[in-house]
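# Close look at the chain arrangement
So you can see what is in the structure, the chains are spelled out below.
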There are 2 protein chains.
Amino acid sequence: MEIIRPRTLPGFMELLPAKQAQFEKMLEILRSTYASFGFAPLDTPVIEDAQILLAKGGGETEKQIYRFQKGDSDLALRFDLTVPLAKYVALHYNDLAFPFRRYQISKVYRGERPQRGRFREFYQADIDIIGDGKLDVLNEAEIPAVIYRIFRAFGLTRFQVRVNNRKILTGFYEMLGLAAQSAEIMRTVDKLDKIGAEKVRLLLTEDCGVEPNQAEEILRFISISGANSVVLAALGAYQGKNECFDLGVSELKTVTENLAAFGVPEENFAIDLTIARGLDYYTGTVYETTLLDHPEIGSVCSGGRYDNLASHYIDKPLPGVGISIGLTRLFYVLDEQGLLNPSLCTAPADALVLPMTADPAPAIVLAEQLRGAGLRVQLYAEQKKFKQKLSYADKLGAPFAVLLGEDELAEGLCSVKDMRSGVQKKLAPAEAAAYMRSVLAAEQGALILEQSHGE
Amino acid sequence: MEIIRPRTLPGFMELLPAKQAQFEKMLEILRSTYASFGFAPLDTPVIEDAQILLAKGGGETEKQIYRFQKGDSDLALRFDLTVPLAKYVALHYNDLAFPFRRYQISKVYRGERPQRGRFREFYQADIDIIGDGKLDVLNEAEIPAVIYRIFRAFGLTRFQVRVNNRKILTGFYEMLGLAAQSAEIMRTVDKLDKIGAEKVRLLLTEDCGVEPNQAEEILRFISISGANSVVLAALGAYQGKNECFDLGVSELKTVTENLAAFGVPEENFAIDLTIARGLDYYTGTVYETTLLDHPEIGSVCSGGRYDNLASHYIDKPLPGVGISIGLTRLFYVLDEQGLLNPSLCTAPADALVLPMTADPAPAIVLAEQLRGAGLRVQLYAEQKKFKQKLSYADKLGAPFAVLLGEDELAEGLCSVKDMRSGVQKKLAPAEAAAYMRSVLAAEQGALILEQSHGE
């Protein structure tokens with residue numbers, strides 16, 4: 001038979017089992033944290049009607065989308081989870097309870113030029129809260145708490161949720177008489193971290209039609225920083241001149257004032273007046289999240305408040321607030337930088353039961369007993385030499401091998417071998433399960449390290 | 001703005017939140033049961049090189065596949081999880097430990113004519129055990145145990161794993177001198193349940209080139225049934241004439257003899273000599289699973305032993321055994337038949353915290369406390385009348401509403417309202433959490449009912 005050389009397409013992440021185990025742990029943390037805040041899991045099709053996915057239009061999206069015909073149908077693969085959400089909420093509007101809170105952790109598709117760290121198929125992990133007509137600003141205050149719980153559950157402490165409010169920016173540019181250019185200015189200011197203040201000043205005056213003194217004002221404004229109270233006080237000096245600005249400051253106050261109640265420490269939060277998030281559809285609070293020791297990764301969780309989720313599909317105002325984590329890229333970068341904790345167990349089984357008797361039945365019974373005690377147990381069924389069996393357990397990274405020979409059988413015991421230390425103990429099955437569980441429980445640790453384990 | 005009518009493509013399942021919650025419970029049971037047997041989670045791309053997906057060729061597959069060009073690439077969406085597994089194992093052969101045990105629960109795509117209960121996008125939940133050159137028959141004996149644990153975890157008792165061995169059939173047809181037609185005969189006999197014995201006899205003699213007396217022999221053979229010991233004894237009468245047959249009987253004995261050790265009750269297992277599974281690539285044990293009170297659903301979990309997983313991609317024999325659950329169809333049918341337990345909580349939150357004070361901070365703190373105690377808690381942030389807040393909790397199906405007014409606040413308590421019974425209690429936060437957890441724990445029940453709740 002002719003052999004076709006197997007390959008996986010470039011830009012598609014396909015992990016080996018140990019790495020997949022780490023990725024699954026991230027998925028589990030996201031699912032359980034999102035669920036703990038009362039977000040409902042949602043699953044929408046990967047394929048949608050192309051007309052519907054592209055209702056909003058737009059250049060980059062249209063170029064990158066996977067679009068194809070099947071029969072008479074013009075189909076496309078979703079390129080994010082927001083457009084399918086908009087369709088879902090519009091389609092099922094009468095069946096949903098608002099505010100509608102959903103999470104979705106699913107793959108999306110973009111036919112980008114593949115390059116290191118860029119993926120054509122990648123997971124997004126999104127939450128959104130959608131209101132029917134109205135949505136209280138307190139929902140915007142809750143989002144930093146969700147982000148905080150996720151990154152703490154990942155094992156991190158050195159991260160910061162950075163927040164701004166688009167109304168403050170819009171109002172500020174209105175005060176300067178720059179309302180018409182404000183979207184363009186925000187996109188320019190958003191680059192401050194990457195290109196620096198002087199480049200921003202240049203772009204503002206040369207490309208955005210901003211006068212030098214206005215550019216000066218803008219740079220002074222966005223340089224306001226410090227503790228929440230300091231920033232809020234500085235913003236106070238601008239108040240009373242523009243309604244939109246004042247509303248933005250009031251919303252920002254609601255968000256910051258409730259942080260402590262939500263259990264978010266001040267060091268994990270910062271007001272950052274440079275953040276605008278490129279997209280024009282954000283209208284209130286906007287979020288970015290940075291790992292403090294790894295600013296080069298950029299924002300690992302971003303989003304914001306918007307006024308109209310689904311205006312293309314339904315004639316009702318559906319305001320919302322949401323965030324998204326680009327999970328595949330985050331995982332890729334963490335792995336590249338050696339930040340995934342290598343000491344966590346990535347084996348598919350906690351224990352490998354090795355039958356050493358002619359009749360496998362006692363080993364099968366033992367495996368079932370250990371499974372019943374909550375362990376993940378693989379019965380090793382191959383007829384191999386003892387050394388080969390242990391070497392398999394090693395290759396798998398299984399923490400324990402459980403040996404059942406004639407001696408153990410006669411005594412009603414089994415031998416539990418800790419594959420890392422080599423220590424071997426003869427125990428009754430129930431004791432063996434309890435022993436392994438306690439060792440494994442003590443080994444729980446951070447999924448993500450603050451510092452590379454190679455350093 | 002022009003409104004585009006939102007729609008979801010026909011043949012694509014998109015569930016409302018409550019139904020999605022039920023589906024997620026099935027996913028959780030599958031993940032944890034597969035993991036408990038030491039299967040590693042795997043995730044492969046939805047899009048693959050079309051040449052690779054179609055290496056095996058074949059008519060129906062090629063017609064149904066979603067295939068399209070992007071740039072120079074000839075791409076296709078996977079139509080099952082077996083072909084991507086074959087590619088994966090061949091590609092990563094040197095990095096895997098064999099036996100390689102993986103589970104994958106993912107969506108696959110087939111552009112079938114949509115009709116009730118047929119889906120173009122659907123989940124498959126697969127496990128496979130792949131050996132390198134060899135794979136012990138004990139792995140085939142383990143599969144019924146995995147199936148048993150899954151359907152028990154679903155809440156069912158009235159189901160049966162039905163097993164046969166292709167070597168027995170192959171050997172039997174060799175004995176009759178019908179080796180050349182055996183594949184065709186097996187496909188015909190496989191229809192016995194659907195079309196009955198007389199139709200099978202007709203097809204055998206008219207289409208398969210079988211003499212009437214041979215057809216008689218075949219029908220007598222496949223009518224062997226009863227307890228395992230009875231069937232094995234009846235098979236004993238044919239032994240000693242054909243090597244392949246004898247090997248098959250010996251394998252079947254290994255499978256049945258170890259059932260008790262694996263904890264599978266005899267009533268959940270049956271040898272069924274009519275089962276062949278249409279696919280020619282099965283070479284040993286084959287499995288089907290039926291819900292005893294709902295035979296019309298057909299097999300809900302099927303698979304078997306094969307000799308060569310990846311002969312199209314690698315020049316190494318990779319024998320394996322695997323099963324697959326067509327999850328989307330199973331869920332659809334269970335739902336249609338009213339077999340999904342409606343009394344299980346499908347709300348996204350266990351408790352809805354309703355702030356009733358001007359300052360929301362105390363309610364936020366309370367919500368965080370309850371979350372810390374392991375509950376899924378939604379903070380209701382909207383400014384609505386009390387009645388509307390409770391009606392939202394009702395619509396969501398939340399089991400509890402937790403009220404925090406000035407009175408409760410002054411006393412350091414909160415009011416927990418059981419939304420089903422209407423009973424309301426004033427409790428300290430820690431007691432409230434314990435109370436709700438105990439009520440919820442007592443309400444755990446079967447996910448799938450044996451009898452329709454409409455009956």
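Scroll up to find the structure.
Rules and cut-offs
Residues numbered from 1 in each chain as written. Chains lettered and ligands numbered in written order. Predicted model: local features only at pLDDT ≥ 70, side-chain atom pairs only at ≥ 80, totals over all residues. Heavy atoms only, no water. Helix = DSSP H or I, 4+ residues; strand = E, 2+ residues; numbered from the N terminus. Buried < 20%, exposed > 50% of the residue type's maximum accessible area, 1.4 Å probe, protein only. Contact = heavy atoms within 4.5 Å. Areas by Shrake-Rupley, 256 points an atom, 1.4 Å probe, with all protein chains shown as cover. 1 Å grid on protein atoms, 1.4 Å probe; cavity = no way out; pocket = protein on both sides within 12 Å on 5 of 7 lines; lining within 4 Å. Points joined across faces, edges and corners; volume = space filled by probe spheres on them. Nonpolar A, V, L, I, M, F, W, Y, C, P; charged D, E, K, R; others polar. Expected span 1.5 Å × (residues − 1). Pairing = 2+ DSSP bridges. Axes fitted to C-alpha atoms, helices over the stretch in contact; angles between N-to-C directions. Core = buried A, V, L, I, M, F, W, Y, C linked by side-chain atoms within 4.5 Å. Parallel < 35°, antiparallel > 145°, perpendicular 65-115°, else oblique. Left-handed = near helix turned anticlockwise from the far one by under 90°. Phe/Tyr/Trp six-rings, centres within 6.5 Å; stacked < 30°, edge-to-face > 60°. Disulfide = S-S within 2.5 Å. Salt bridge = Lys/Arg side-chain N within 4 Å of Asp/Glu carboxyl O.

### Some remarks on the overall build of chain A
For chain A, the helix and strand inventory stands at 17 helices and 16 strands. Across the 455 residues in chain A, those meeting the buried criterion constitute 60%. Counting only contacts in chain A whose residues sit at least 6 apart along the sequence, the fraction spanning at least 24 positions is 69%. Carbon and sulfur atoms form 49% of the exposed surface of chain A, whose accessible area is close to 18,000 Å².

### Topic: empty space enclosed by the protein
One pass over the full model with this rule turns up five cavities of 30 Å³ or more. Taken as a whole, the largest cavity holds about 610 Å³ of empty space. Around the largest cavity, the lining comprises 30 residues; the ones closest to its centre are Arg31, Ile105 and Tyr123 of chain A together with Ile105 and Tyr123 of chain B. For the lining of the largest cavity, the elements supplying multiple residues, two or more each, are α1 (17–36) and β5 (100–109) of chain A together with α1 (17–36) and β5 (100–109) of chain B. Partitioning the lining of the largest cavity into residue classes produces 16 nonpolar, four polar and ten charged. Taken as a whole, the second largest cavity spans an internal volume of roughly 100 Å³. What lines the second largest cavity is simply Asp43 and Thr44 of chain A together with Met13, Glu14, Leu15, Gln20, Phe23, Lys107, Glu121, Phe122, Tyr123 and Thr328 of chain B. Put simply, the parts of the chain that give the lining of the second largest cavity at least two residues each are α1 and β6 (121–130) of chain B. Here the lining of the second largest cavity takes three residues from β6 of chain B, the largest share from any one element. Its residues assigned to classes, the lining of the second largest cavity comprises five nonpolar, three polar and four charged.

### Quick word on α1 of chain A
Residue and element names in this part refer to chain A. For α1, spanning 20 residues, the distance from its first C-alpha to its last is 28 Å, which sits close to the expected 28 Å at 1.5 Å a residue. Among the 20 residues of α1, 15 are classified as buried, and the element is accordingly described as predominantly covered. Phi turns positive, to about 80°, at glycine 38, one or two residues after α1.

### Points about the sheet that holds strand β14 (residues 400–404) of chain B
Residue and element names in this part refer to chain B. Read across the open sheet, the five strands follow the order β13-β12-β14-β15-β16; overall the sheet is mixed. Looking at which strands have only one partner, the edges of the open sheet turn out to be β13 (377–379) and β16 (424–427). Averaged over neighbouring strand pairs, the angle between their axes works out to 25° when direction is ignored. When strand β12 (residues 351–355) meets β14, the two strands line up parallel, connected through five bridges. Bridge pairing in β14 links valine 353 to valine 402. Running over the sheet, helix α15 (residues 386–396) touches β12, β13, β14 and β15 (414–418) and is turned about 170° from β12.

### As for the nonpolar core
Formed by 115 residues in total, the largest nonpolar core has its most connected members in Tyr34, Phe151 and Phe221 of chain B. Residue contributions to this core peak at nine residues, all from helix α5 (residues 138–153) of chain B. Residues in contact with phenylalanine 221 of chain B, not counting those within four places in the same chain, are Ile168, Leu169, Phe172, Leu235, Tyr238, Phe245 and Leu273 of chain B. Counting residues in each nonpolar core, the second largest holds 114 residues, with Tyr123, Leu138 and Ile143 of chain A together with Phe400 of chain B among its members.

### Some points on the pairing of strand β14 (residues 400–404) of chain A
Residue and element names in this part refer to chain A. Of all five residues making up β14, five are buried, and the element is well covered by its neighbours. As paired strands, β14 and strand β15 (residues 414–418) are joined by four bridges and run antiparallel to one another. What sits directly across from alanine 401, in β15, is lysine 417.

### Here we look at the packing of helix α5 (residues 138–153) of chain A against helix α12 (residues 243–257) of chain A
All names here are of chain A. The N-to-C vectors of α5 and α12 enclose an angle of 45°; their axes lie 8 Å apart at closest approach. In terms of axis orientation, α5 runs oblique to α12. Both α5 and α12 take part in a crossing whose hand is right-handed. Contacts between α5 and α12 involve Leu138, Glu140, Ala141 and Pro144 from the first element and Glu251, Thr254 and Val255 from the second.

### Examining the packing of helix α7 (residues 182–189) of chain A against helix α9 (residues 197–207) of chain A
Packed helices, taken two at a time, are described by the angle between their axes plus the distance between the axes. All names here are of chain A. Taken N-terminus to C-terminus, the directions of α7 and α9 make an angle of 160°; their axes are 9 Å apart at the nearest point. What the angle tells us is that α7 and α9 run roughly antiparallel. Here the hand of the crossing between α7 and α9 comes out right-handed. Taking contact as the criterion, the partners of Glu184, Ile185, Thr188 and Val189 in α7 are, on α9, Val200, Leu203, Leu204 and Asp207. Taken together, the residues of the contact of α7 with α9 sort by class into five nonpolar, one polar and two charged.

### Observations regarding the packing of aromatic side chains
The geometry of an aromatic ring pair comes down to the distance between the two centres and the angle between the two planes. As enumerated under the stated definition, the model contains 41 aromatic pairs over all chains in all. Taking 4.2 Å as the distance between ring centres and 5° as the angle between the ring planes, the aromatic pair formed by phenylalanine 68 of chain A and phenylalanine 68 of chain B counts as stacked. You can see phenylalanine 68 of chain A sitting in strand β3 (residues 67–70) and its partner phenylalanine 68 of chain B sitting in strand β3 (residues 67–70), one on each of two chains. The pair phenylalanine 68 of chain A / phenylalanine 68 of chain B is uniform in exposure class, with both members buried.

### So, the state of the cysteines
Simply put, the disulfide is a covalent bond whose two ends are the sulfur atoms of two cysteines. Applying the stated criterion to the full structure yields zero disulfides over all chains. Of all cysteine sulfurs, the one in cysteine 208 of chain A lies closest to cysteine 244 of chain A, which takes part in no disulfide; the gap is 19 Å.

### Considering the sheet that holds β14 of chain A
Residues and elements named next belong to chain A. Taken in spatial order, the five strands make up an open sheet running β13-β12-β14-β15-β16, and their pairing is mixed. Every other strand in the sheet has two partners, leaving β13 (377–379) and β16 (424–427) as the edge strands with one partner each. Sheet twist, expressed as the average angle between the axes of neighbouring strands with direction ignored, equals 25°. In this structure, strand β12 (residues 351–355) lies alongside β13, joined through three bridges in parallel fashion. Note that in β13 the partner of valine 353 across the bridge is leucine 379. This element, helix α17 (residues 429–442), spans β12, β14, β15 and β16 of the sheet and lies at about 15° to β15.

### Points about the pattern of salt bridges
Within the structure shown, the criterion is met by 56 salt bridges over all chains. For aspartate 49 of chain A, the salt bridge is made with arginine 7 of chain B, and the minimal N-O distance between the two is 3.0 Å. Residue aspartate 49 of chain A is found in strand β2 (residues 47–49), and its partner arginine 7 of chain B is found in the segment before α1; the two belong to separate chains. Salt bridges here are not isolated pairs; linked through shared partners, they connect Arg101, Glu142 and Arg149 of chain A together with Glu368 and Arg371 of chain B.

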